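Results of the structural survey
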Amino acid sequence: MAEKKAAEKTAKKSDFKHLLSPIEIKGVEIKNRIALAPMNTLFSMDNRGYVNEQILAYYAARAKGGCGLIITECVLGTRLASRFPYTTNLHCYNTSHLPGLYELAETVHSFGSACFIQMSIGFGRQGHSHVGEHPPAPSVVPMMIKPELMPRGFGKALEAHPQLIERATGEMPYEMTVAEIRSEQDEFANSCRFAVAAQFDGIELHAPHGYLEHQFLSPISNRRTDLYGGSLENRMRFMLEVYLKVRESVGHDYILGVRMSADEHLPGGITHEEALEVARTLAALGADYIHLSDGSYEALSYFFPDEDGAMLEEASHFKAAVNVPVFCPSVHDPTLAEKAIAAGKCDIVSLGRQMFADPEWGNKVAEGRVEDINRCLRCNECLMRTAAGLPVRCIRNPNTGRERYMPECWRRPQKLPPVTKMRVPPRLPEIREDF
Ligand SMILES: Cc1cc2nc3c(=O)[nH]c(=O)nc-3n(C[C@H](O)[C@H](O)[C@H](O)COP(=O)(O)O)c2cc1C
Ligand code: SF4
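Here goes a summary of the coordinates provided. None of these values were measured; they are calculated from a predicted model.

In this section: the overall build of the chain. Within the chain, the regular secondary structure consists of 17 helices and 13 strands. Its C-alpha atoms give the chain principal-axis dimensions of about 60 × 50 × 40 Å. A burial count over the chain gives 62% of its 435 residues as buried. With the model as given, the accessible surface of the chain reaches about 16900 Å², and the carbon-plus-sulfur share is 56%. Averaging the positions of the 49 positive and the 55 negative side-chain charges in the chain gives two centres separated by 4 Å.

Attention now goes to the packing of aromatic side chains. What the rule picks out here adds up to 12 aromatic pairs. Considering the side-chain rings of Phe43 and Tyr58, the 5.4 Å spacing of their centres and the 75° angle between planes classify their relative orientation as edge-to-face. Of this pair, Phe43 sits in the loop between strand 3 (34-36) and helix 2 (53-64) while Tyr58 sits in helix 2, placing them 15 residues apart in sequence. Here Phe43 matches Tyr58 in class, with each residue buried. Note on Phe116 and Tyr289: the rings are 5.6 Å apart at their centroids and 25° apart in plane angle, and the pair reads as stacked. Here Phe116 is found in strand 6 (residues 114-120), whereas its partner Tyr289 is found in the loop between helix 11 (272-284) and strand 11 (290-293), with 173 residues between them in sequence. Neither Phe116 nor Tyr289 differs from the other in exposure class; each is buried.

In the vicinity of ligand 1 lie 20 residues, with Pro38, Gln118, Ser330, Gly352 and Arg353 positioned nearest. Between an oxygen atom of ligand 1 and a main-chain N or O atom of Cys74, the distance comes to 3.2 Å. Burial of ligand 1 by the protein amounts to 96% of the accessible area it has alone, namely 610 Å². Of the residues in the shell around ligand 1, the class split is 9 nonpolar, 8 polar and 3 charged.

Here is what the cut-offs are and how they apply
One numbering rule holds for all chains: residues counted from 1, following each sequence as written. As they are written, the chains are lettered A onward and the ligands numbered 1 onward, keeping that order. Local features in this predicted model are restricted to residues of pLDDT 70 or higher, and side-chain atom pairs are both shown and tallied only at a pLDDT of 80 or more, whereas totals for entire chains, interfaces and linings draw on every residue. By convention in this description, side-chain values take in all heavy atoms of the structure and omit both hydrogens and water. Starting at the N terminus, helices and strands are each numbered in turn, a helix being any DSSP run of H or I of at least four residues and a strand any DSSP run of E of at least two. Think of it in three bands: with a 1.4 Å probe and only protein chains considered, a residue is buried below 20% of the maximum accessible area for its type, exposed above 50%, and partly exposed in between. The accessible surface values rely on the Shrake-Rupley method and a 1.4 Å probe; as for residues, cover is taken only from the protein chains in view. Charge counting treats Lys and Arg as positive and Asp and Glu as negative, with His and both chain ends excluded. We put the charge of a Lys on NZ, of an Arg on CZ, of an Asp on CG and of a Glu on CD. Each aromatic pair joins two rings of Phe, Tyr and Trp (for Trp, the six-membered one) with centres within 6.5 Å, and gets the label stacked for planes under 30 degrees apart, edge-to-face for over 60, and tilted for any other angle. One heavy atom within 4 Å of a molecule or strand makes the whole residue count as near it. Two N or O atoms count as a polar contact when they lie within 3.5 Å, although within protein this holds only if one can serve as hydrogen donor and the other as acceptor, and sequence-adjacent residues are included solely when both atoms are side-chain atoms. Side-chain classes are defined by residue name, with Ala, Val, Leu, Ile, Met, Phe, Trp, Tyr, Cys and Pro counting as nonpolar, Asp, Glu, Lys and Arg as charged, and the others, Gly among them, as polar.

It is worth stressing that arrangement in space is one thing and function is another; only the former is reported here.
Right under this line is the structure:
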């Protein structure tokens, strides 16, 4: 420990040359290999789905703090999906969502970072209606939380917030018809065109963690006997159709990546080999990057690992399987992140909880001040609060959640107008309002 501290004190900018080197994805230059991982903070504070000042300031703080790439929290992309949120989420499925989303992308750009939006076709059986409606899913199989696979702090949180039990067990889903599957995919593909119009640099499809796309992929939640169930080819059909319809909708020149779990880590669930096969197929179809994660609500300890760099080994298998950039979350130690990128285990590290604890992580690495980084304790207080329906706060950083009161997180005055040329999706006039 003492040796590690001494080494940190003598760390220099040049010790992180891989982590600080730029990367280009489809013509978009990202100034370093540091991304803010997508995280729903509950700062939207209602489920109407609009961006507000706190959301803008939260992302601005992380862009200002040195993240080359900001990936937004997951944004619900259909009317049906938005009825089954995780308490509250941003929405993107009609023109009324555009001004706030545009403001978000523009704010992040004004701090010199690229900005991708994470778009979700829905949470399936992991969504909650708040009014007792049954959520749509591949099959009538409710989720079942496994106490032995819960992350640190969960037991204590259950005692403090008994309402967690209801959320953790989930609601009984209904089985989507083939017609409903297709109309959801069509509406979602159309919604992604609003994200392009809002000037995000790329879209990340949200397919990890036991949400709807993952539910179709998993034999645990998908018991269908039609063309969407059974073999791996059938179980991945929903995900591939979503990818292909969105690709068609946003065009081939636009960045379209996918986030997925590297393994379900449950008996009878998606295996690591199956996940690798899905990633290979997506990359062959033109996906521009794979952003890994792990597990699901039923195996939450993999989703929120207690150990630093827990997913790096899996990431290296994906690097060997695909020829597109691989993003790996949960590497909080800059030295480990540098080594992982230098060794070719991943191309970008995406930081989640660590960015609640210290939004200036990137700047401190770039200035050779790693000993000043306010380390995340992986105590999961932030996460448990959201599970209890409360907005994110961090026990290590009293300013997380209060960025809107901090003038340094407001957008700076610009010398030149930020908008010189507006990017429009192909055939913009065809964005439909009539779903
Ligand atoms: C409060 C909270 C909300 C999250 N919301 C999302 C989300 O909207 N989409 C997503 O793909 N991952 C989400 N995650 C997972 C993170 O992106 C990340 O993979 C995870 O926290 C592990 O990385 P870390 O150890 O750096 O926190 C969330 C995590 C937290 C703590
Ligand atoms: S509350 Fe803060 S220190 Fe604890 S896990 Fe969340 S980000 Fe890390």
